[in-house]
Amino acid sequence: MHELSIALEIARIADESAVRAGAARVVRVQVSVGELSGVDPDALAFAWEAARAGWSRCQNARLELCWIELRVFCPQCGVETDPRPHSVACGRCGSLRTRVVAGKELDVVSLEVERDDAADGAGAQPGTVAQRRTGGRPAE
Ligand SMILES: [Zn+2]
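Since the model is a prediction, treat every value here as computed from it, not as a measurement. (Residues numbered from 1 in each chain as written. Predicted model: local features only at pLDDT ≥ 70, side-chain atom pairs only at ≥ 80, totals over all residues. Heavy atoms only, no water.)

Draft legend 1. Spatial organisation of the environment of E69. Checked against the element boundaries, E69 lands in the loop between strand 2 (62-68) and strand 3 (71-74). As a C-alpha pair, E69 and L36 span 33 residues in sequence and 8.4 Å in three-dimensional space. (Helix = DSSP H or I, 4+ residues; strand = E, 2+ residues; numbered from the N terminus.)

What follows is the structure, encoded as structure tokens:
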């Protein structure tokens, strides 16, 4: 299953980022999923349940998927449009000579992590660590 390997990669990135941030746990992982990424969001959400179990810092982490609709730029019209259904054809003139400007995303956008701050007893401090691409899909 394609989505399981992606979910495992997301969990690995989240866990490594938590380690770098000195965090005890990952609370939330935000991933943007483009329409053209080839990822089924439901399958990915399902795979996440299995994937996170293998990483101690991710076991209770919530996966939030951010769906990115396909957008194309048409050099002929000089505008960005929502393409015609099931294609990358310009929504205005129908030209196929378009450039995809959004919809290929498969990125870890942000992570929320918690530290164990036992010293002051104030509990965990949420934090955000820098984003990192899941890789394999070069940006345009
Ligand atoms: Zn056009």
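Read on for the rest.
Draft legend 2. Highlighting helix 2 (residues 41-52). Its 12 residues give helix 2 an end-to-end C-alpha distance of 16 Å, which sits within 8% of 16 Å, the value for a rise of 1.5 Å per residue. If you check which residues of helix 2 are buried, you get A43, L44, A47, W48, A51 and R52. Seen along its axis, helix 2 keeps its buried residues to an arc of 145°; they face one direction. Looking at helix 2, the residues exposed on the side facing more than 90 degrees away from the buried face are D42, F46 and A50. Against the buried residues of helix 2 lie helix 1 (2-20), strand 1 (25-34) and strand 2. Where helix 2 begins, the capping side chain belongs to D40, and its oxygen is found 2.9 Å from the backbone nitrogen of D42. (Expected span 1.5 Å × (residues − 1). Buried < 20%, exposed > 50% of the residue type's maximum accessible area, 1.4 Å probe, protein only. Arc of directions from axis to C-beta. Contact = heavy atoms within 4.5 Å. Polar contact = N/O pair within 3.5 Å; in protein donor to acceptor, adjacent residues only side chain to side chain.)

Draft legend 3. Fine view of the packing of helix 1 against helix 2. Where helix 1 meets helix 2, the axes come as close as 8 Å, and the angle between the chain directions of the two elements is 55°. Relative to helix 2, the element helix 1 lies oblique. Judged by the twist between their axes, the crossing of helix 1 over helix 2 is right-handed. For the pair helix 1 and helix 2, contact is made by E3, L4, I6, A7, L8, I10 and A11 and by A43, L44, A47, W48, A50 and A51, respectively. Split by residue class, the contact of helix 1 with helix 2 holds 12 nonpolar, no polar and 1 charged. (Axes fitted to C-alpha atoms, helices over the stretch in contact; angles between N-to-C directions. Parallel < 35°, antiparallel > 145°, perpendicular 65-115°, else oblique. Left-handed = near helix turned anticlockwise from the far one by under 90°. Nonpolar A, V, L, I, M, F, W, Y, C, P; charged D, E, K, R; others polar.)

Draft legend 4. Spotlight on the pattern of salt bridges. In total, this model carries 11 salt bridges according to the counting rule given. One salt bridge in this structure joins E9 and R12, with 2.9 Å as the shortest N-O distance. Here R12 and E9 lie together in helix 1, a separation of 3 residues that amounts to about one turn. Residue R12 is classed as partly exposed on the basis of its relative accessible area of 24%. (Salt bridge = Lys/Arg side-chain N within 4 Å of Asp/Glu carboxyl O.)

Draft legend 5. Main features of the UniProt feature "binding site: Zn(2+)" (unreviewed entry) in the protein. As recorded in UniProt, the feature "binding site: Zn(2+)" (unreviewed entry) lies at C74, C77, C90 and C93. Spanning 20 residues, the annotated positions come together in the fold, the maximum distance between their C-alpha atoms being 8.5 Å. By the secondary structure assignment, C74 is in strand 3. Ignoring anything within four residues of it in the chain, the contact list for C74 reads V79, C90, C93, S95 and T98. Structurally, C93 is set in the loop between strand 4 (79-81) and strand 5 (99-102). Once you skip the residues sitting within four places of it in the chain, C93 turns out to touch C74, C77 and R84. (UniProt positions renumbered as here; feature names shortened; annotations may be inferred.)

Draft legend 6. Broad picture of the coordination of the zinc ion. Those protein atoms acting as donors to the zinc ion are C74 (SG), C77 (SG), C90 (SG) and C93 (SG), and they sit at 2.3 Å. Motif for the zinc ion, donor spacing along one chain: C-x2-C-x12-C-x2-C. (Donors = N, O, S within 2.8 Å, 3.2 Å for Na, K, Ca; no water.)

Draft legend 7. Here's a closer look at the sheet that holds strand 4. Spatially, the 3 strands line up as an open sheet ordered 4-3-5, and their pairing is antiparallel. The open sheet has two edge strands, strand 4 and strand 5, and neither has a second partner. Taking the axes of each pair of neighbouring strands and ignoring which way they run, one obtains an average angle of 35° across the sheet. Relative to strand 5, strand 3 runs antiparallel, the two being bridged by 3 bridges. Following the sheet pairing, F73 is matched in strand 5 by R99. (Pairing = 2+ DSSP bridges.)

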